[in-house]
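Close look at the chain arrangement
If you want the building blocks of each chain, they are given just below.
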Amino acid sequence: LSDFLESTTDVYYIIYNSNQNKNLITSQWKKIFGFDATKSNDIFSDKSKCIISENPKSHYSQIIKLKVDEEKSFLYQVLNSTTGQKFWLSETINKKYDKELKDNVIRGRITDITREQVKVMELAESEVRFRNFMDLTPVMVWVSNEKNIVTYSNRASKEFLGYELEKLKDYKQYATLV
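Cut-offs and rules
- Numbering of residues begins from 1 in every chain and follows the order in which that chain's sequence is written.
- Under the rules for a predicted model, residues below a pLDDT of 70 receive no local features and side-chain atom pairs below 80 are neither given nor counted, while totals for whole chains, interfaces and linings still include all residues.
- Side-chain measures here rest on the full set of heavy atoms in the structure, leaving out hydrogens and waters.
- A pair is scored as a salt bridge if a Lys or Arg side-chain nitrogen falls within 4 Å of a carboxyl oxygen belonging to Asp or Glu.
- Counting from the N terminus, the helices are the DSSP runs of H or I reaching at least four residues and the strands are the DSSP runs of E reaching at least two.
- Under the scheme applied here, a residue whose accessible area is under 20% of the maximum for its type counts as buried, over 50% as exposed, and between as partly exposed, the area being computed with a 1.4 Å probe on protein chains only.
- Here the rule is simple: two strands pair whenever DSSP picks up at least two bridges between them.
- Throughout, the protein atoms alone are placed on a 1 Å grid, and a set of points is a cavity if a 1.4 Å probe fits but cannot get out or a pocket if it is open with protein on both sides within 12 Å along at least five of seven lines; lining residues have an atom within 4 Å of a point.
- Grid points are joined across faces, edges and corners, and a volume is the space filled by probe spheres set on the points.
- Three classes are used: nonpolar for Ala, Val, Leu, Ile, Met, Phe, Trp, Tyr, Cys and Pro, charged for Asp, Glu, Lys and Arg, and polar for all others, with Gly counted as polar.
- We define a polar contact as two N or O atoms separated by no more than 3.5 Å, with the added condition that, inside protein, one atom must be a possible hydrogen donor and the other a possible acceptor, whereas residues neighbouring each other in sequence contribute only through side-chain atom pairs.
- Residue contacts are defined here by distance: any two heavy atoms, one from each residue, within 4.5 Å place the two residues in contact.
- Angles run from 0 to 180 degrees between N-to-C directions of axes, and those axes are lines fitted to C-alpha atoms, restricted for helices to the stretch in contact.
- For this analysis, a ring pair means two rings from Phe, Tyr or Trp (six-membered ring only for Trp) whose centres lie within 6.5 Å, classed as stacked if their planes differ by under 30 degrees, edge-to-face if by over 60, and tilted for the remaining angles.

Focus on the pattern of salt bridges
Enumeration according to the criterion identifies six salt bridges in this entry. The salt bridge involving Arg109 is made with Asp10; its shortest N-O contact spans 2.7 Å. Here Arg109 is found in strand 5 (residues 103-112), whereas its partner Asp10 is found in the loop between helix 1 (2-6) and strand 1 (11-16), with 99 residues between them in sequence. In this structure, Glu127 engages Arg131 in a salt bridge whose closest nitrogen and oxygen atoms are separated by 3.0 Å. On the criterion of helical spacing, the pair formed by Glu127 and Arg131 is a turn pair, its members being four residues apart in helix 5 (residues 114-136). The class of Glu127 is partly exposed, set by a relative accessible area of 38%.

And the structure:
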């Protein structure tokens, strides 16, 4: 199992509540977070200190309060203090009870989604530039989707008509106005 998990780019971990010598943490952890989790006294607290996109204490608290058979998903950005790299991460975590060891176990998978998140942010920035440019255009501009639902209208359209085209149900309604 360990060899298989090490062969992936994801971070996997299995953390035992009271039997820490049984913990399994893949080596990708150090690449992402910048510290060796096997040498940490409180892995989740140390991990939370790397989070820069949300409240680290809240993240830590949600993990600590996890109930048996509960699963949570997180999306956050971390800073690797060793390399200075920033990573966007998607994490799924759950807590199980190991009947054999009579111990609670927290299992997790962390996926580096930095490339995808950067593309989403670039697309959002492009959308803002488009809207700003279109709002400065003195002609009426509107955009409708494949179902002819108006998804955007610029300021000139709103000023001319006196309301936002996005509130119309479809393009046919707009066509009757023009």
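Brief notes about the pairing of strand 3 (residues 71-79)
As paired elements, strand 3 and strand 4 (residues 86-98) share nine bridges and run antiparallel to each other. By the bridge assignment, Phe74 is partnered in strand 4 with Glu91. Counted along the chain from strand 3 to the antiparallel partner strand 4, the turn is six residues long, and its residue Gly84 has a positive phi close to 80°.

Side note on the layout of surface pockets
Quantified by volume, the largest pocket comes out at close to 260 Å³. Listing elements by their share of the lining of the largest pocket, those giving two or more residues are strand 1, helix 3 (43-48), helix 4 (56-64) and strand 5. Looking at the lining of the largest pocket, its residues break down into seven nonpolar, six polar and two charged.

Concerning the environment of Ser157
Relative to the assigned elements, Ser157 resides in helix 6 (residues 155-161). On the basis of relative accessibility, which here comes to 0%, the residue Ser157 falls in the buried class. A polar atom in the side chain of Ser157 sits 3.3 Å from the backbone oxygen of Val141.

Notes on the sheet that holds strand 1
The strand order 2-1-5-4-3 describes an open sheet built from five strands, whose pairing is antiparallel. The two strands at the open ends of the sheet, each matched to only one other strand, are strand 2 (24-25) and strand 3. Direction of pairing for strand 1 relative to strand 5: antiparallel, over a ladder of six bridges. Considered in strand 5, the bridge of Tyr16 is made with Val105. Contacts from helix 4 reach strand 3, strand 4 and strand 5 within the one sheet, and its direction differs from that of strand 3 by about 150°. Along the sheet face, helix 5 touches strand 3, strand 4 and strand 5 and points at about 125° away from the line of strand 4.

So, the pairing of strand 1
For strand 1, the buried fraction is high: five of the six residues fall into the buried class. Of the strand pairs in this sheet, strand 1 and strand 2 are connected by two bridges, and their pairing is antiparallel. Bridge assignment links Tyr13 to a residue of strand 2, and that residue is Ile25.

Description of the packing of aromatic side chains
Two aromatic rings are characterised by how far apart their centres lie and by the angle between their planes. Enumeration over the complete set of coordinates arrives at six aromatic pairs. Note on Tyr13 and Trp29: the rings are 5.7 Å apart at their centroids and 90° apart in plane angle, and the pair reads as edge-to-face. You can see Tyr13 sitting in strand 1 and its partner Trp29 sitting in helix 2 (residues 28-33), a full 16 residues away along the chain. Classification of Trp29 as buried rests on a relative accessible area of 1%.

Considerations on unusual backbone geometry
With the exception of glycine, the majority of residues adopt a negative phi angle, and the majority of peptide bonds are in the trans configuration. Positive phi, close to 70°, is recorded for Asp69, a residue that is not glycine. Along the chain, Asp69 turns up in the loop between helix 4 and strand 3. Since its relative accessible area comes to 56%, Asp69 is described here as exposed. Here Lys102, not a glycine, exhibits a phi torsion of approximately 50°, which is positive.

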